[in-house]
Each structure stands twice: as structure tokens, then as C-alpha cells.
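# Inside the fold
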Amino acid sequence: MDHKSGLMYSFAAIAAVTVLAQADDVAAASTHTVRAGDTLWSISQQHNIPLATLKSVNNLTSDRIAIGQTLRLSGAVALAPANNSATKTRTTTANLNLRSGAGTTHSVLLTIPRGQTLTPLKTSGVWTQVTYSGRTGWVHSDFLSATPAPATPTPAPTAPVVTPNATTTSKTTANLNLRASKSTSARILTTIPSGKSVTVLKVEGTWSHVKYGTHTGFVANTYLTKAASTPAPTQPATPAPSQPTQIKEENINTSYVTTANLNVRQGAGTGFALVTTIPNGTTVTATKQSGSWVYVTYNGKAGYVSTGFLKQMTTAPSAPVAPNLGDAGAGNTNVDYVVNTPSLNVRASATTSSAIIGSVTAGQTLRVVQTSNGWHQIYIGNTTGFVSASFVKQVPKGTATNPTWVSGSYDAHTFFTASPVAIRAQASDTSAIVGSTLRGGLLNITGETATHYRVAEGFIAKAHVTQVSGQSAQATRLATIAVAQRFVGTPYVWASSSPVNGGFDCSGLIFYAFNQAGVNIPRTNVANYWGAAYFGPQLPKSFTPQAGDLVFFENTYTAGPSHMGIMINADTFIHAGTSGLGYNQISKEPYWQSRLLGYKRP
């Protein structure tokens, strides 16, 4: 072989390798391997494929997919370059998240303030790639508007005269954006409601140049259906465009989590009236779908929301997921994962900004799927979620036990702390402090160990907790009445809290009666007894009191909470008033009726 033929052979080999490499690239681009957190909706957005096409190509009859499953991406659409119109820049119409990919499932790189000018790089469906503050990512096109080009001293252009062969009208099959040019990234002039007639001036590919009211712009042919065609005088009729497929509403049963505060509207489009707003992180169930809108119910109100701000709840894998044995997964033979905090949120993805889909509690052993970047993916119910690894400890396999505290029935009016006391994460005086009680605050105890009481926030050492000795809270309340009745007729004495001074003031009587009944409360004034945690929560004046409840009045000798007493039935109370210690009836005395503030039940 001479050197020329050798060179020809080398070039042929390089070309063959290049073709094979390109074939491999095409094969890789035509499939998608399902990862944790993926949904059919997010995959369709990522690869710019209609959801129905993705399901059809993979013979899927539902939205259920499994981690590790390979999906074919037949019909994938390449990213389109940004619209190269005269107006190349866009302005943000709200504070806008810049994401790492074209979809709400991708991480947020930063938030772009409202009113910032951006230059589009390329588009993918309803997403536009831009660069801001040195970061390149994707933003939702609905929150971008065209930046007007600087005015130039050119004569006003003469409006083009369009003389169609026929005056063709069409009807919209959905709420349809009228845009300034033939691009989904073009500025939206107005939104045409579903069922409205428009005048078609010209059909250009997949877009129609139409007139609606005083606006002229472009709409996608997909959402137009032929209504009528009236031949123009002396002009032959133009063949009407073929009728596109209308959007059909289908019944579904899919759970989602909102990724932003989300408006609920009367119809499937932004042109419909607002019904209510669903807070970020709320779980909702959709029963119908119309294009990119789904029908949900929230707090008794129903309507349509955009799927662009919904994340589908992860479903249980259709096939078993192999645990990551190296990360102490569910199949690990050496260690268990145990929750090491009173309550730990389970999130939809591995970030603290993700929606909360559940919680796990102290001492609970977790079934871990995998671990990455400080987060554990765990099974929770019939789905999976993520918890922070910082609040989970590893223990030798089989040594994890149920919490050492026991549940029971505890009277929330029987336990309190005379001074502020630390609330700890575990039943140990060396455990991390997660909160503090209030001085005189009543405790809602849910369990106990040998040394600690358990409350919602954590554990409190028993040594710092006072319990009314040997009687129920109701018996204590009745005991305070008996104490007060022993001094009926004694004078009113300002600032006195003991009979040795010859009488009481109103708050002094309460202090004395409760301490005599076995409840060690500090001496303070009416405003503090009402405003602080003493004696439990504030109850409105519409509350029907019982014997032993405390009654509070305002604006007597001074503004605000200023007088109190003890109810001996639903209407009569005993108190230290200016005429001495005695009784009054609220229903028969306008003075007390007009100044009634509320009640507390010790």
C-alpha cells in the first residue's frame, strides 16, 4: 500500500469513528433514565416533549414511573435559539427565580429582581435561557416582557395593507396569548378568552396573523378552529386552513405540591377570574386536566391552577429500589438510622426550600434508600422523601429501641414552671437546648421518662416542674373559690395580697387564693396575668365560663386589662372591688358588661 492509499484509509477510519460517536450521542439523547424526584411532567419539560407524546412513546397508561427506569424520548425537539427580533432584550415583570434547567424541578441559582434587563440566549418551550450576575440559567418566559427599543427619529411607517382573498374568522379553543411576533418568547399583547372569534389575516406556518378587537398579532394555529369564511367581493375564496385538534379535558387523580403561592382561577387560563390563592408547599389533588392546567379543590373552593407551579408527589416505585448498602440503607447489615430530634420534616427534594410532605419523630428508625450531600432519601408511607442527615444518628444494627418516654393522659392545667426552664432535644440534661418555658407557664405534657416530662418542643427536667399536689385542676379551681369566700366583706386594700394587711386588691386576691389552693404562682398585676402564659390561653368574652374560671375586665380605673375575679357560676363572680370583697353579676350590671375582656381556665 502506498502512502496515498494509507492516508485514504486513515481518513476513512476517522470518518467511521465519527459516525459511530455521533450515533452514540443520538442514542444517549433519545432516552432518559429516571432519577429521584423526576416526574413525567418534569421530564417532558426538560426535553421539550408533550406529556401525551412521552406517555404514548413509552406505552404508559398512567403517570407512574420508577427510579432507574429508562424512557424513550422519540420526537425530542431541540432547543430553539432565542427570538432574533429587533427587540433582543427582555425585562423581568416580577422577582424571578433563575434555575439550573428548564423546569421548576431544577434548583434555584439566584433570584433576579423585578425590572432587570436580560438578553435571551435560547428558549425551550415556556422557558428562556439567560445570563444574570455572572450566572447562566433558565427563567419562565411568562415573567419576561419585551424591552422597548430606543426611539429613533424615523418617520412613522405606513401600516401594511393586507387584502386577503377571504375574510376568515376562527374561534379560540383555549385562553390564547396574542403575541407581538411568531415566537413563544415574544411579548404578550393580550390574552384572548376561549371561544372568542378572531379575524385571520394570514397563515404563516404554525402561526396565524390575526386581529382581535383593537389588537393585531400572532397566535398558534393549534388553538384555533375555523368558524366562518365570507368571500370578499370580486375575490375568489381562499381555502380555509385545516382544523386543528382541540384540547380535550381528561379525568385524572394526581397529587401535587405547590412550588409557589398559586392562584386558583375559574377556568383554564390566566384570563379567568381569581377564585383563591393556595400557599406555597400545599398538597392538592387534581381531578381534571386541560392542557397545562389542572382542576383542584382547596379549602372548599375549586378551580384551575397552572401545572408550571406544581410538583407531582413522588409515587411508590413500581419495582423494588435497591438500598445503598454503603450508606447504611434499609438493607445494611451493620447499622440503623434513627431520628435524633423531637420532630424532623420530610421534604419532596433534598433542599430546605422544598415542600414538606410529612415528618418523622424522635427515636424512629428510618428505611434509607440512598444518601447524598447531607440528605437521606427515605421511605415514608407509600412514597419517598428526603430528611437532613444532621438530625439522624447511626447506631449498631438491632440496638435501636423505642423512645424511653411513655405516653399518657396529663392534665395541662396541673403542671407549670415557676421560672424559665430549658427545653432540651432529648431526655438528658446534656442534650441540646431547643427552647425555654415561660415563668409560671402551664405545660401541655404528652409523656415522661424517669427524669423528664415530654412536651411538644422536647423534654423538661422534672426537678424544675411544679405539680398541683394530689388533686385535679377542677378541684383546684373550686378550692380557690372557697379561699376567697372566707374573706367576703373585707375592705379593698391597694397592693395587698394577704389578709394580714386587712384586705386585698383584685390581683392580690388571685395570688393568695391560688397559692392557698396549692398552685405556686408569682405575684404580678392584672395585665400580666392576662397577657402572659399564666392560667392557660385567653378565652373570648363569648366563652361560657364555669365555676373556678378567671374573668378579666378592661378600662376600669386605667386603660387596658385592669380588673379580675373568680367565676362561681356562669354569670356571678367574686372579686376584691372598691366596695370590698364580694359578688357581682355580669348579665345584670351594664358597667361590667361593657368592660368584659375575656376569661381564662386555670
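What counts, and where the lines are drawn
- Residues numbered from 1 in each chain as written.
- Predicted model: local features only at pLDDT ≥ 70, side-chain atom pairs only at ≥ 80, totals over all residues.
- Heavy atoms only, no water.
- Helix = DSSP H or I, 4+ residues; strand = E, 2+ residues; numbered from the N terminus.
- Buried < 20%, exposed > 50% of the residue type's maximum accessible area, 1.4 Å probe, protein only.
- Contact = heavy atoms within 4.5 Å.
- Salt bridge = Lys/Arg side-chain N within 4 Å of Asp/Glu carboxyl O.
- Polar contact = N/O pair within 3.5 Å; in protein donor to acceptor, adjacent residues only side chain to side chain.
- Pairing = 2+ DSSP bridges.

Structurally, the position occupied by Gly536 is in the loop between α6 (526–531) and β44 (550–554). Using a relative accessible area of 14% as the deciding quantity, one classes Gly536 as buried. Sequence separation between Gly536 and Asn444 is 92 residues; the distance between their C-alpha atoms is 9.9 Å. Leave out the neighbours within four places in its chain, and Gly536 touches Leu442 and Lys600.

Tallied over the full model, the rule gives five salt bridges. One salt bridge connects Lys182 with Glu204, and the closest N-O pair in it is separated by 2.6 Å. Of this pair, Lys182 sits in the loop between β13 (176–179) and β14 (188–192) while Glu204 sits in strand β15 (residues 197–204), and the two are 22 residues apart along the sequence. By relative accessible area, Lys182 is classed as partly exposed at 41%. Taking the shortest distance from any N to any O, the salt bridge between Arg601 and Asp549 comes out at 2.8 Å. You can see Arg601 sitting in the segment after β48 (596–600) and its partner Asp549 sitting in the loop between α6 and β44, a full 52 residues away along the chain. Three or more residues are tied together by salt bridges with common partners; here these are Lys182, Lys202 and Glu204.

Below, the discussion takes up the side chain of His452. Mapped onto the elements of the fold, His452 is located in strand β39 (residues 452–455). Separated by 2.7 Å, the side chains of His452 and Thr451 make a polar contact. Ignoring any residue separated from it by four or fewer positions in sequence, one finds His452 in contact with Ala427, Ser428, Asp429, Phe459, Ile460, Ala461 and Lys462.

Here we come to the pairing of strand β45 (residues 561–567). Every other side chain in a regular strand lies on the same face of the sheet, so the side chains alternate between the two faces. Burial runs high along β45: six of the seven residues are buried. In this antiparallel pair of consecutive strands, β44 and β45, the connection spans six residues, and Asn555 shows a positive phi of 55°.

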